[in-house]
Amino acid sequence: MKLMEGASWDSLFLTVVKLVTTLTAIIQTKILSVGLSLTDYGTYSQANVVVSLGTSFLLLGLGDAINFFYNDSKQENDTNKKNEIINTIYGIELIAGIIFILIVVLGRYGISLYFSNDALIPLMFIIAFQPMLDNMIYFYQILFVSTGKAKLIALRNLIISVLKLAIITLAVKVFNNIFVIYILLIALNLVQLYIFAVYFKKEGFSINPIRIKRHFVRKILAYGIPMGIFTITTALTRDIDKLVIGYMSNTETVAVYSNCSKLLPLDIIVASFATVLIPYIMKYVSVGDKKNAAKLFKNYLKVGYYSVWTFGVGILIVTSQAISFLYSSEYLIGKYVFIIYIIDSMVKFASMHLVLTASGNSKLLMKYSIISLVANTALNILLFKTIGLAGPALATLIVTLIYSIMIMRRTIIILGVKRRDILEIKDILLFIITLVICGALFSVVDRELLKIGLNQYIAMIMTMGGFGILVLIINFKKIMNVFKAINSLKS
């Protein structure tokens, strides 16, 4: 059956694997939330903010540079040149990583002072290494996907997620020590890097970060830095609320906000499609085939809102039960933060910047992201002082909405098409009406199940499951047509 082949089938395979890895991630968070006190979990969350920001700073747009130069049709058969460029990219990351390690270790007291938490001081010695290792592993994943090994990466993610679950369980249940968690995670990253290096040497070429070719550095950074600034400002925009709360509030409040603002994997399906389709979108745009680029992007967006909005509304129906299930009842005070972030994820139902990246408009993305960061920072402080804990979340949602509109408008201009060629407004409105009606129906169902004394989590699963199935049945034909359209563009 043709529908079960090609890009759609690869994407669905990735989705199934990602579903399993997502479940293990949810269990990890649950173990941490229940096993650690609010203070310890707050410390863990603050350390993760440092890791998150460090990872984004060290990316320097190098992931996008790998995607661009490795998949560039102009040097498709020049393996030696690709090897030299990839070596140089890894070399740049290594140098940047060493600098970051020194900054974090030497600045550990300043970081502790910012968060008013002395427990962070010893953690800085170990977490300083994590961003560089995470990025190097990420670069290998990009390379494997570009060589048609997306399924291999999916299986790797499955194995690693299970191992991380074991590490979290061991560290919390046996040692009850945050430091042990990071020690074991660093060890796991080192093992992954070794395995990736050995395997990619057999499939492609050997990567040696010491063999930097200086004449490629400027070319790589010229492409990567604007995307790097975009990544950094995006990360700051994402984490600025935690930084504001970390400075203006206490460690326990950071714990509540961190969990309730945690990005749930609503994009589990569309992210898998993006993994498979990004190389095709890049190639269509790079050769000037705007018609097929627009068609592929349109159907990618459909996958986005069909899936993300369904999952989002499904969770909004059972918000309180979901918070207790994912974390614990202690975190219910962050309910409105949780709701706002679900809506925020629904606004970001796809990687809107794909076309801008592929067309070399990284400087424009940088400009938009800087504007977003400044606006988000100002709104975070203002709304936190005005309405409290939910303020920074609302600030993020407002900025996300404006940013997404700006990116979409520019994408339409670049592709030289009309809005209806990218966004089918009629289809979107009909889908929203379907979600509202089905959501209202199953909201009543959930209340009735709780009234008759059914366990709140069983009621939650039944409500979300019933809602999702009904939405799928109503839109089944449209979804199949999207899959067929995507498969027809795989060449």
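Residues numbered from 1 in each chain as written. Predicted model: local features only at pLDDT ≥ 70, side-chain atom pairs only at ≥ 80, totals over all residues. Heavy atoms only, no water.

(A) Quick peek at the nonpolar core. If you look at the biggest cluster of nonpolar residues, it comprises 155 residues, and the most contacted ones within it are Tyr300, Leu301 and Phe338. Among the elements that line this core, the one with the most residues is helix α13 (residues 290-317), at 14 residues. Those residues within four positions of leucine 301 in sequence are excluded, and the remaining contacts are Phe349, Ala350, Met352, Met408, Ile422 and Leu423. (Core = buried A, V, L, I, M, F, W, Y, C linked by side-chain atoms within 4.5 Å. Buried < 20%, exposed > 50% of the residue type's maximum accessible area, 1.4 Å probe, protein only. Helix = DSSP H or I, 4+ residues; strand = E, 2+ residues; numbered from the N terminus. Contact = heavy atoms within 4.5 Å.)

(B) Geometry of the layout of surface pockets. In this structure, the largest pocket encloses a volume near 1,200 Å³. Around the largest pocket, the lining is made up of 40 residues, and of these Leu19, Pro265, Ile268, Phe311 and Met464 lie nearest the centre. Elements with a minimum of two residues in the lining of the largest pocket: α1 (6-35), α12 (268-286), α13, α14 (319-326) and α21 (456-488). Within the lining of the largest pocket, the residues separate by chemical class into 31 nonpolar, 8 polar and 1 charged. In this structure, the second largest pocket encloses a volume near 500 Å³. Forming the boundary of the second largest pocket are 21 residues, of which Trp309, Phe349, Met352, Leu423 and Ile428 lie nearest the centre. Among the elements that make up the lining of the second largest pocket, the one with the highest residue count is helix α18 (residues 390-415) (7 residues). For the lining of the second largest pocket, a count of residues per class yields 18 nonpolar, 1 polar and 2 charged. (1 Å grid on protein atoms, 1.4 Å probe; cavity = no way out; pocket = protein on both sides within 12 Å on 5 of 7 lines; lining within 4 Å. Points joined across faces, edges and corners; volume = space filled by probe spheres on them. Nonpolar A, V, L, I, M, F, W, Y, C, P; charged D, E, K, R; others polar.)

(C) Representation of the side chain of threonine 400. Assignment of secondary structure puts threonine 400 in helix α18. Each residue touching threonine 400, except ones within four places of it in the same chain, is listed here: Asp344, Val347 and Lys348.

(D) Representation of the confidence of the model for the protein chain. Per-residue confidence for the protein chain gives a mean pLDDT of 84, with 93% of residues at or over 70. The model gives residues 1-5 a pLDDT under 50, and that stretch makes 8 contacts with residues more than four places away or in other chains. (pLDDT = per-residue confidence, 0-100.)

(E) Summary view of the pattern of salt bridges. For the coordinates displayed, the defined rule picks out 6 salt bridges. We note a salt bridge from lysine 242 to aspartate 239, for which the minimum N-O separation is 3.5 Å. Taken together, the positions of lysine 242 and aspartate 239, both in helix α10 (residues 214-248) and 3 residues apart, correspond to about one turn of that helix. Side by side, lysine 242 and aspartate 239 carry an identical accessibility label, which is buried. Across the pair glutamate 424 and lysine 302 runs a salt bridge whose closest N-O atoms are separated by 3.2 Å. Linking glutamate 424 in the loop between α19 (419-422) and α20 (425-451) with lysine 302 in helix α13, this pair joins segments that are 122 residues apart in sequence. The partly exposed category is assigned to glutamate 424, whose relative accessible area is 29%. Linked by salt bridges that have partners in common, Lys298, Lys302 and Glu424 make up one network. (Salt bridge = Lys/Arg side-chain N within 4 Å of Asp/Glu carboxyl O.)

(F) Molecular detail of α14. For α14, the buried fraction is high: 6 of the 8 residues fall into the buried class. Considered for burial, the residues of α14 that qualify are Thr319, Gln321, Ala322, Ile323, Ser324 and Leu326.

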